[in-house]
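Given next are the chains, with one letter for each unit.
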Amino acid sequence: MIADFIQRLPKAELHLHLEGSVDAPTLVELSQRHPTPLPAQNNRYQPDPLGGELLTLEKVQRLYDYSNFFGFLMAFKAVTERLRTPEDYELITHNLCRALAAQNVLHAEVYVSVGIIHWRGGVFAPLFEGMERGRKRAEKDFGTSLLWLFDAVRNFGVEEAARVVETTVALRDRQLKAQGRTSIAGFGIGGDEARGPAGDFREVYARARDAGLRLTVHAGESAGAESVWAALNIGAERIGHGLHAVDDPELMEHLAESQIPIEVCVSSNLRTGCCPSLELHPVKRMFDAGLMVTLNTDDPTMFHTTLDHEYRIAHEAFGFTKDQLRELARNSFEASFLPAEEKVRFLELCDRT
Ligand SMILES: [Zn+2]
């Protein structure tokens, strides 16, 4: 059975937001921990209509049952509003790894929105300690491998993004000094492409690259192929979404030749309306054109999906064969920011499935 095969297939997930992985029972628990709204001075980012409201499972299910991008933003805000302490971040990291392990996702590269925490006036370092406790506990409990990507919000502007890079470098260096290795892989920008074109961030990316960070850019999700070109021009090593790359044959050729990985998120694109229907989604066209395609969930609980589900969609809606699904799984490890020897270990597991 294909569902069994997909479940058994060792997989990596490369485009996954920590805040978008909070399931309904966990959000209820967080709302009980924080039954008051955030103080106004810490609330620059989120006037959340549900601020301080005690959430029930039914309320969270309604909150996650939106049908447009605004509804998604409201859900995202309701979650970030309730993420306040290191213990909160430890809890959601550990829960995320449990959910990944249940699907045989052996490695994940997880975005955390450092940009939003800064914007709220928060200090990220103690929260990161909580994330790290959750990650290390999960490594012991479930064997999950996890690397962090620190995310800036492009529409908050270039200076804010530069601050996120400095936070990333400082925490990475602190880890290297203390442990001789780091769980922080790199840096990326997300948010509104139209209000923060990648070209504006050229210097920020140059600084991040010089500091040894790996680089991603959300591009071609809500904006067109030109946004993907701009991401490549500032040094993106992977493209988040890349949905609209198919509109530009020259870009498709370049992506196929360079094998720059594309972090495709089918369900996300449908739920946000960036792609109008499943039939129109270009994931198979990208794959057939020779692009380095990976499958991802983006914000799994908010988009009602899992990585297994994304692989099943690929098979059922787009006719990916078993061998092609295995190739997608291989791509996910190949395109990761893991060291070569670890990639090889995971790739061998794929080949044996
Ligand atoms: Zn994303």
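Residues numbered from 1 in each chain as written. Predicted model: local features only at pLDDT ≥ 70, side-chain atom pairs only at ≥ 80, totals over all residues. Heavy atoms only, no water.

Asks: Outline the coordination of the zinc ion, listing residues and values.
Replies: A metal bound by six donors in octahedral fashion has ideal angles of 90 or 180 degrees, whereas one bound by four tetrahedral donors has an ideal angle of 109.5 degrees. Around the zinc ion, the protein supplies His15 (NE2), His17 (NE2), His218 (NE2) and Asp298 (OD) as donor atoms, at distances of 2.1 to 2.4 Å. Classification of the site at the zinc ion as irregular follows from its 4 donor atoms and the range of 83 to 170° in their angles at the metal. (Donors = N, O, S within 2.8 Å, 3.2 Å for Na, K, Ca; no water. Tetrahedral: all angles 85-135°; square planar, octahedral: opposite > 155°, others 65-115°.)

Asks: Could you give me a rundown of the pairing of strand 6 (residues 238-241), with the residues and numbers involved?
Replies: Bridge count between strand 5 (residues 214-219) and strand 6: 4 bridges; the pairing is parallel. In the strand pairing of strand 6, alanine 219 is matched with histidine 241. What joins strand 5 to strand 6 is helix 10 (residues 225-233), and the crossover it makes is right-handed. Here 2 bridges tie strand 6 to strand 7 (residues 262-264), and the two strands are oriented parallel to one another. For glycine 240, the partnering residue across the bridge sits in strand 7 and is glutamate 263. As for the winding sense of the linkage, the β-α-β connection from strand 6 through helix 11 (residues 249-258) to strand 7 is right-handed. (Pairing = 2+ DSSP bridges. Helix = DSSP H or I, 4+ residues; strand = E, 2+ residues; numbered from the N terminus. Right-handed = clockwise from strand over helix to strand, strands pointing away.)

Asks: Got a sec to walk through the packing of aromatic side chains? Specific residues and values, please.
Replies: Counted by the stated rule, this structure contains 11 aromatic pairs. Pairing phenylalanine 128 with tryptophan 148 gives two aromatic rings, centres 6.5 Å apart and planes at 75°, and the pair type is edge-to-face. With phenylalanine 128 in helix 7 (residues 124-142) and tryptophan 148 in strand 3 (residues 145-153), the pair connects residues that are 20 residues apart, well separated along the chain. Neither phenylalanine 128 nor tryptophan 148 differs from the other in exposure class; each is buried. Here a set of aromatic residues connected by ring pairs shows up, and it is made of Tyr66, Phe72, Phe76 and Phe303. Here arginine 238 stacks its cationic end above the ring of phenylalanine 337, 4.1 Å away from the centre of that ring. Between arginine 345 and the ring centre of phenylalanine 346, over which it is positioned, the NZ or CZ distance is 4.6 Å. (Phe/Tyr/Trp six-rings, centres within 6.5 Å; stacked < 30°, edge-to-face > 60°. Buried < 20%, exposed > 50% of the residue type's maximum accessible area, 1.4 Å probe, protein only. Lys NZ or Arg CZ within 6 Å of the ring centre and 35° of its normal.)

Asks: Please give an account of the sheet that holds strand 6 that cites residues and values.
Replies: Strand order in the open sheet made by the 8 strands is 1-2-3-4-5-6-7-8, with parallel pairing throughout. A single partner strand is all that each edge strand has here, and the edge strands are strand 1 (11-17) and strand 8 (293-295). Neighbouring strand axes in the sheet, compared pairwise and without regard to direction, differ in orientation by 25° on average. Judged from the 3 bridges that link them, strand 7 and strand 8 form a sheet pairing that is parallel. Looking at strand 8, one finds that valine 264 is bridged to leucine 295. (Axes fitted to C-alpha atoms, helices over the stretch in contact; angles between N-to-C directions.)

Asks: Give a description of the nonpolar core that names residues and reports values.
Replies: Buried together is how nonpolar side chains tend to be arranged in soluble globular proteins. In this structure, Phe124, Phe150, Phe187 and Leu325 are the most contacted members of the largest nonpolar core, which totals 113 residues. Broken down by element, this core gets its largest block of residues, 7 residues, from strand 3. Apart from residues lying up to four places away in sequence, phenylalanine 124 is in contact with Val112, Val114, Ile117, Met131, Phe150, Thr167 and Leu171. (Core = buried A, V, L, I, M, F, W, Y, C linked by side-chain atoms within 4.5 Å. Contact = heavy atoms within 4.5 Å.)

Asks: Any chance you could break down helix 14 (residues 307-318) for me, citing the residues and the numbers?
Replies: Along its 12 residues, helix 14 runs 16 Å from first to last C-alpha, staying within 8% of the 16 Å computed at 1.5 Å per residue. Residues of helix 14 that are buried include every one of Leu307, Asp308, Glu310, Tyr311, Ile313, Ala314 and Phe318, and no others. (Expected span 1.5 Å × (residues − 1).)

Asks: Quick one: what's the story with empty space enclosed by the protein, residue by residue and with numbers?
Replies: Considering all chains together, one arrives at 1 cavity of 30 Å³ or more under this definition. Estimated volume of the largest cavity: approximately 30 Å³. Around the largest cavity, the lining residues are Glu19, Thr80, Tyr89, Ser113, Ile116, Ile117 and Arg120. For the lining of the largest cavity, the residue count by class is 3 nonpolar, 2 polar and 2 charged. (1 Å grid on protein atoms, 1.4 Å probe; cavity = no way out; pocket = protein on both sides within 12 Å on 5 of 7 lines; lining within 4 Å. Points joined across faces, edges and corners; volume = space filled by probe spheres on them. Nonpolar A, V, L, I, M, F, W, Y, C, P; charged D, E, K, R; others polar.)

Asks: I'd like to hear about the pattern of salt bridges, residue by residue, with values.
Replies: Inspection of the entire model under this criterion finds 20 salt bridges. Among the salt bridges present, the one from arginine 33 reaches glutamate 29, with a minimum N-O distance of 3.4 Å. Here arginine 33 and its partner glutamate 29 are both found in helix 2 (residues 24-33), 4 residues apart, which amounts to about one turn of the helix. In this structure arginine 33 comes out as partly exposed when scored by relative accessible area, which is 35%. Overlapping salt bridges bring together Glu87, Glu90, Arg133 and Arg137 as one network. (Salt bridge = Lys/Arg side-chain N within 4 Å of Asp/Glu carboxyl O.)

Asks: Break down the layout of surface pockets for me, citing the residues and quoting the values.
Replies: By volume, the largest pocket is sized at about 640 Å³. Looking at the lining of the largest pocket, the element that brings in the most residues is helix 4 (residues 69-81), giving 5 residues. Looking at the lining of the largest pocket, its residues break down into 12 nonpolar, 10 polar and 7 charged. Reported here for the second largest pocket is a volume of approximately 550 Å³.

Asks: Can you explain the pairing of strand 1? Please cite residues and give values.
Replies: The element strand 1 is largely enclosed, with a buried count of 7 among its 7 residues. The pairing of strand 1 with strand 2 (residues 105-112) spans 5 bridges and is classified as parallel. In the sheet register, alanine 12 faces strand 2, and the bridge partner there is histidine 107.

So, to be careful, I would describe these as geometric facts and stop short of saying anything about function.
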